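Breakdown of the fold
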Amino acid sequence: MSFPFTTLCPHCSAEHDRATKPFNEPGSLPGSLGPGDFSLCFNCGQWSVLDRNDMLRRPTSTEARRIKHDPRCTRIRAAWLLTHHTST
Ligand SMILES: [Zn+2]
């Protein structure tokens, strides 16, 4: 489920009018993007992190390592690559 929620990608500046949590951590609410959650930009395929002001920012080096080693992030980005590159 996605929610009306305007965000701006810190990588490509694409504006998104909806955002959804790509996966749920134990104890978190399903679908609701919250501070510290990762978000994949549908336009450029880069990961961002929601900050406490509901703004997306680039991941810190620690977060980037978590993203790199999280198989859920790897699978989601692989799916994005498939849809992005097979449509041309
Ligand atoms: Zn982007």
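Being a predicted model, the structure only gives us computed values, none of them experimental.

**Considerations on the overall build of the protein chain**
Regarding its fold elements, the protein chain presents two helices and five strands. Sequence-ordered secondary structure for the protein chain, helices as α and strands as β, is β-β-β-β-β-α-α. Residues counted as buried form 16% of the 88 residues belonging to the protein chain. Long-range pairs, those at least 24 residues apart, make up 40% of the contacts in the protein chain with a sequence separation of at least 6.

**Structural notes on the confidence of the model for the protein chain**
Mean pLDDT for the protein chain: 86, with 90% of residues reaching 70 or above. Looking over the protein chain, one finds the lowest element-wise mean pLDDT in strand 1 (residues 3–8), namely 74, and the highest in helix 1 (residues 61–69), namely 97.

**Focus on the sheet that holds strand 4 (residues 47–50)**
One open sheet holds the three strands; their spatial order is 3-4-5, and the pairing between them is antiparallel. What marks the edges here is a single partner per strand, and that holds for strand 3 (38–40) and strand 5 (56–57). With two bridges connecting them, strand 4 and strand 5 associate as antiparallel partners. The residue bridging Leu-50 from the neighbouring strand is Leu-56, located in strand 5.

**Topic: unusual backbone geometry**
A positive phi is found at Ser-13, a non-glycine position, where the angle reads about 70°. The phi dihedral of Asp-54 falls on the positive side, at around 60°, and the residue is not glycine. Take Asp-54: it is sitting in the loop between strand 4 and strand 5.

**What about the nonpolar core?**
Note that soluble globular proteins tend to have their nonpolar side chains buried in a common cluster. In this structure, Cys-9, Ala-19, Leu-33, Phe-38, Leu-40, Cys-41, Trp-47, Val-49, Leu-50, Leu-56 and Ile-67 together form the largest nonpolar core, which totals eleven residues. If you list the elements that add at least two residues to this core, you get strand 3 and strand 4. Top contributing element to this core by residue count: strand 4, with three residues. Non-local contacts of Trp-47, meaning those with residues more than four positions away in its chain, are made with Phe-38, Leu-40, Pro-59, Ile-67 and Cys-73.

**A short note on the pairing of strand 4**
Residues Trp-47 and Val-49 of strand 4 are buried on one face, and the alternating residues Ser-48 and Leu-50, pointing to the opposite face, are buried as well. Between strand 3 and strand 4, which pair antiparallel and follow one another directly, the connecting turn spans six residues, one of which, Gly-45, has a positive phi of 75°. Hairpin connection of strand 4 to strand 5: five residues between the antiparallel strands, including Asp-54 at a positive phi of 60°.

**Concerning the environment of Met-55**
Along the chain, Met-55 falls in the loop between strand 4 and strand 5. Using a count of 12 C-beta atoms within 10 Å as the deciding quantity, one classes Met-55 as exposed. Along the primary structure Met-55 and Pro-35 are separated by 20 residues, whereas in three dimensions their C-alpha atoms are 8.9 Å apart.

Conventions used here
Residues numbered from 1 in each chain as written. Predicted model: local features only at pLDDT ≥ 70, side-chain atom pairs only at ≥ 80, totals over all residues. Helix = DSSP H or I, 4+ residues; strand = E, 2+ residues; numbered from the N terminus. Buried ≥ 20, exposed ≤ 12 C-beta atoms within 10 Å, placed from the backbone. Contact = placed C-beta atoms within 7 Å. pLDDT = per-residue confidence, 0-100. Pairing = 2+ DSSP bridges. Core = buried A, V, L, I, M, F, W, Y, C linked by C-beta atoms within 7 Å.

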